[in-house]
Amino acid sequence: MEADKELTGLSNAETKSSILFLPELFEDDPFFQKKKKLLEDLSLDGQEIMSLKSSSSPSQWKDILDIMLKRARIINLNEIELYFAGADVYNFVSPRNELEALHSVIGLVESSMSSDKHEVESLLGLMHKAAFDLIHQLGEKVGEETRVVRESSCEKENSLMQWGKSNGVNTKLEITYVEGAGRGAIATENLKVGDIAMEIPLSLLICDKDVIESDMFPILKKIDGIESETMLLLWSMKEKHNLHSKYKLYFESLPEAFNTGLSFGVSAIMGLDGTILLEEIVQAKEHLRTQYEQLFPAICESHPDIFPAELYTWEQFLWACELWYSNSMKIMFDDGKLRTCLVPIAGFLNHSTCPHILHYGKTDPVTKSVKFPLSRPCNAGDQCFLSYGNFSSSHLLTFYGFMPKQENPYDVIPLDFDIATDEDCVDGEPCEWGTHMVRGTWFSKNNGIFNYGLPPPLLDHLRRARGSTSKAKTRVMFYSKSFLFFIFISLQFPVIWHVNQLSFSRTYHSC
Ligand SMILES: C[S@@+](CC[C@H](N)C(=O)[O-])C[C@H]1O[C@@H](n2cnc3c(N)ncnc32)[C@H](O)[C@@H]1O
């Protein structure tokens, strides 16, 4: 309280004020020092509370809201966002960061509303509404539009939905075909922030319990080092053909081909020659082939009754890999175990870089279900999107078979240096960057020359490298897997960075 008085200069007689807690940066944040520095630059370090006076003018409470939001943006930066954080880091960084920041501000305003003496209730209410309006505006600005394809029949999807509902699924979404993404989930009514778009009972989740209860478990558990995901994959290859399976309608609703990068044909692969994406796909496929060959044909030969060879071909294995890569979710169960699961019906939710559903994947111990709550509103008739994670477009193409429509903030090229990195630190602190990177622009629909400048940590690193070499031009070699390129850094900055743009999307669509 003393601190508050000092901060606001209030006397005891003028107590019509409310304390607002500012978003807090925790010491266990992996980027604590870097974020602390950014907060200091914002002149906010050390300050944990602000005072809202009942006499505050609109511009004063808006300023407080702005400070809270700027602070929340910094605190909610993830590694990539922080790495590329330039001078405008206090403003909009990414849809994910903005949603997280706005929700943390709303949480703090709500806790003041519930704990306070209500002298400033109406002002808190205005701040609360303003933060919700910003969430709404974010969706209007960067949300994706969907064209529903009504001509396609959704018989299988409807049967699955009926089965789900009769087994306890609650949903405010309907499944239909959408342009460019197969099936998608459309809101049947206007959904607000906090509404549960979908709720799936745990009993419908496909996970390790299904393998454990099956006749293949006694054989699989004897295989040295086999992971539970691999067991599930092998189980699903057989279960998909089981006419009496509990999940029959689920398996029937799955596509015959997933068309992820893992099953790209020869022409698509040739079109990717010289790109990191080709390297990523080839490496992933080689890894899967090795895994397959470690198991087959040996397991079919030793247990032909449980593992019939005709169900365990390479093609079927690849199909199951694509199923698990593109459709599984990691769910945290009450016992504290993170399990990879297939989640019938919720598996129809498509991905967006500005999703409606950001936080999901924890079981509710009371309802014994997995819930999908909305972080931003979704109007009736709009497609409701999920976040699959902060993935680059090359990862999404390789493992999910699509590229996001909007600019993807996680399109980056990791760089490996052939110069020492031990000097790469800030103000004597050890470097916390796992890797240096540049923005990948090759998937962007912007055909102009990119001039992002270099990210501050990379620039810092290069300046140090320059300092440790002669006055002559410094040649630094960057290579990322097979994607090898050189830049000659004339000692003048900023550098215009134009990463080789390849027409990946055309190659993908034509194959
Ligand atoms: C979990 S499933 C979602 C349901 C899927 N659309 C279907 O019809 O089964 C993931 C797959 O949906 C597709 N998908 C998801 N988000 C997409 C997007 N934003 N654009 C295009 N396709 C998308 C990709 O094929 C991805 O592998």
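What you are looking at is a predicted structure, and each value in this text was computed from that prediction instead of being measured.

### Things to note about the nonpolar core
Item 1. Ranked by internal contacts, the top residues of the largest apolar core, which has 75 residues, are Ile200, Leu234, Phe317 and Phe372.
Item 2. Among the elements that line this core, the one with the most residues is helix H15 (residues 314–327), at eight residues.
Item 3. Counting the residues that make up this core, at least three belong to each of domain 2 (144–205 + 343–405) and domain 3 (207–339).
Item 4. The residues touching isoleucine 200, leaving out its near neighbours within four places in the chain, are Val169, Leu205, Val343, Pro344, Ile345, Ala346, Ser369, Val370 and Phe372.
Item 5. Leu25, Phe32, Leu77 and Leu82 belong to the second-largest nonpolar core, a separate cluster that totals 28 residues.

### Details of the confidence of the model for the chain
Item 1. With 82% of its residues at a pLDDT of 70 or more, the chain shows a mean pLDDT of 84.
Item 2. Residue range residues 1–13 is modelled with pLDDT below 50. Its contacts to residues more than four positions away, or to other chains, number 14 contacts.
Item 3. Low confidence marks residues 470–511, where pLDDT is under 50. Its contacts with residues over four positions away, or in another chain, come to 93 contacts.

### What about the site of the ligand?
Item 1. Near the ligand there are 14 residues, and of these Ala181, Arg183, Asn350, His351 and Tyr400 occur at the shortest range.
Item 2. In the environment of the ligand, an oxygen atom lies 2.7 Å from a nitrogen or oxygen atom belonging to the backbone of arginine 183.
Item 3. For the ligand, whose unbound accessible area comes to 560 Å², protein coverage reaches 87%.
Item 4. Mapped by element, the contributors of at least two residues to the shell around the ligand are strand E6 (182–187) and H15.
Item 5. Its residues assigned to classes, the shell around the ligand shows six nonpolar, seven polar and one charged.

### Focus: the sheet that holds E6
Item 1. Taken in spatial order, the three strands line up as E3-E5-E6 in an open sheet, and their pairing is antiparallel. If you trace the sheet from one side to the other, it starts and ends with strand E3 (148–149) and E6, each paired once.
Item 2. Bridge analysis of strand E5 (residues 173–178) against E6 gives six bridges, and the strand direction is antiparallel. Residue pairing in the sheet places tyrosine 177 in a bridge with arginine 183 of E6.

### Some points on the pattern of salt bridges
Item 1. Tallied over the full model, the rule gives 19 salt bridges.
Item 2. Its salt-bridge partner being lysine 248, residue glutamate 252 comes within 2.9 Å of it at the nearest N-O pair. With glutamate 252 and lysine 248 both in helix H11 (residues 248–252) and four residues apart, the pair spans about one turn of that helix.
Item 3. Overall, lysine 248 belongs to the partly exposed group, its relative accessible area being 30%.
Item 4. As a salt-bridge pair, arginine 289 and glutamate 293 come within 3.0 Å of each other at their nearest N and O atoms. Highlighted residues: arginine 289 and glutamate 293, both in helix H13 (residues 276–295), separated by four residues, approximately one helical turn.
Item 5. Each of Glu81, Arg96 and Glu100 takes part in a single network of salt bridges with overlapping partners.

### Overview of the pairing of strand E11 (residues 369–373)
Item 1. Judged from the five bridges that link them, strand E7 (residues 196–201) and E11 form a sheet pairing that is antiparallel. Bridge assignment links glutamate 199 to a residue of E11, and that residue is lysine 371.
Item 2. Turn length for the strand E10 (residues 363–364)-E11 hairpin, with the two strands adjacent in sequence and antiparallel, is four residues, and the turn residue lysine 368 shows positive phi of about 50°.

### Section: the packing of aromatic side chains
Item 1. Under the criterion given, the structure shown has 19 aromatic pairs.
Item 2. For the ring pair tryptophan 235 and tyrosine 247, a centre distance of 6.1 Å and an interplane angle of 80° mean the geometry is edge-to-face. Within this pair, whereas tryptophan 235 is found in helix H10 (residues 228–239), its partner tyrosine 247 is found in the loop between H10 and H11, the two being separated by twelve residues in sequence.
Item 3. Accessibility expressed as a relative area gives 5% for tryptophan 235, which makes it buried.
Item 4. One aromatic cluster in this structure is built from Tyr292, Phe296, Phe307, Tyr312, Trp314 and Phe317.
Item 5. Between lysine 141 and the ring centre of phenylalanine 92, over which it is positioned, the NZ or CZ distance is 5.3 Å.
Item 6. Across the ring face of tryptophan 314, the terminal group of arginine 289 is positioned such that the distance to the ring centre comes to 4.5 Å.

What counts and what doesn't
- Along each chain, residues carry numbers from 1 onward, in the same order as the chain's sequence is written.
- It should be noted that, the model being predicted, local features are given only for residues of pLDDT at least 70 and side-chain atom pairs only at 80 or more, the latter also being counted only at that level, while totals for whole chains, interfaces and linings use all residues.
- Computation of side-chain values covers all heavy atoms of the structure but excludes hydrogens and water.
- What is meant by a nonpolar core is a set of buried Ala, Val, Leu, Ile, Met, Phe, Trp, Tyr and Cys residues, joined one to another through side-chain atoms within 4.5 Å.
- When a residue's accessible area, from a 1.4 Å probe over protein chains only, is under 20% of the maximum for its type it is buried; when over 50% it is exposed; and in between it is partly exposed.
- Where helices and strands are cited, they refer to DSSP runs of H or I of at least four residues and of E of at least two residues respectively, numbered from the N terminus.
- Note that the domain bounds were set by an automatic or database domain assignment.
- Contacts between residues were defined by any pair of non-hydrogen atoms, one from each residue, lying within 4.5 Å.
- pLDDT measures how confident the predictor is about each residue, on a scale from 0 to 100.
- Put simply, a residue is near a molecule or strand once any heavy atom of it comes within 4 Å of that molecule or strand.
- Under this definition, polar contacts are N or O atom pairs within 3.5 Å; protein pairs additionally need one hydrogen-donor-capable and one acceptor-capable atom, and for neighbouring residues in sequence, both atoms have to be side-chain atoms.
- Only the protein chains shown count as cover for residues, with accessible areas throughout obtained via the Shrake-Rupley method and a probe of 1.4 Å.
- Only Asp, Glu, Lys and Arg are considered charged in this grouping, and only Ala, Val, Leu, Ile, Met, Phe, Trp, Tyr, Cys and Pro are considered nonpolar; every other residue, Gly among them, is considered polar.
- Two strands make a pair as long as DSSP finds a minimum of two bridges between them.
- Just to be clear on terms, a salt bridge is a Lys or Arg side-chain nitrogen sitting within 4 Å of an Asp or Glu carboxyl oxygen.
- Two rings from Phe, Tyr or Trp (for Trp, the six-membered ring) form a pair when their centres sit within 6.5 Å of each other. Planes less than 30 degrees apart are called stacked, planes more than 60 degrees apart edge-to-face, and all others tilted.
- Counting as a charge over the ring demands two things of the Lys NZ or Arg CZ atom: a distance within 6 Å of the ring centre and an angle within 35 degrees of the ring normal.

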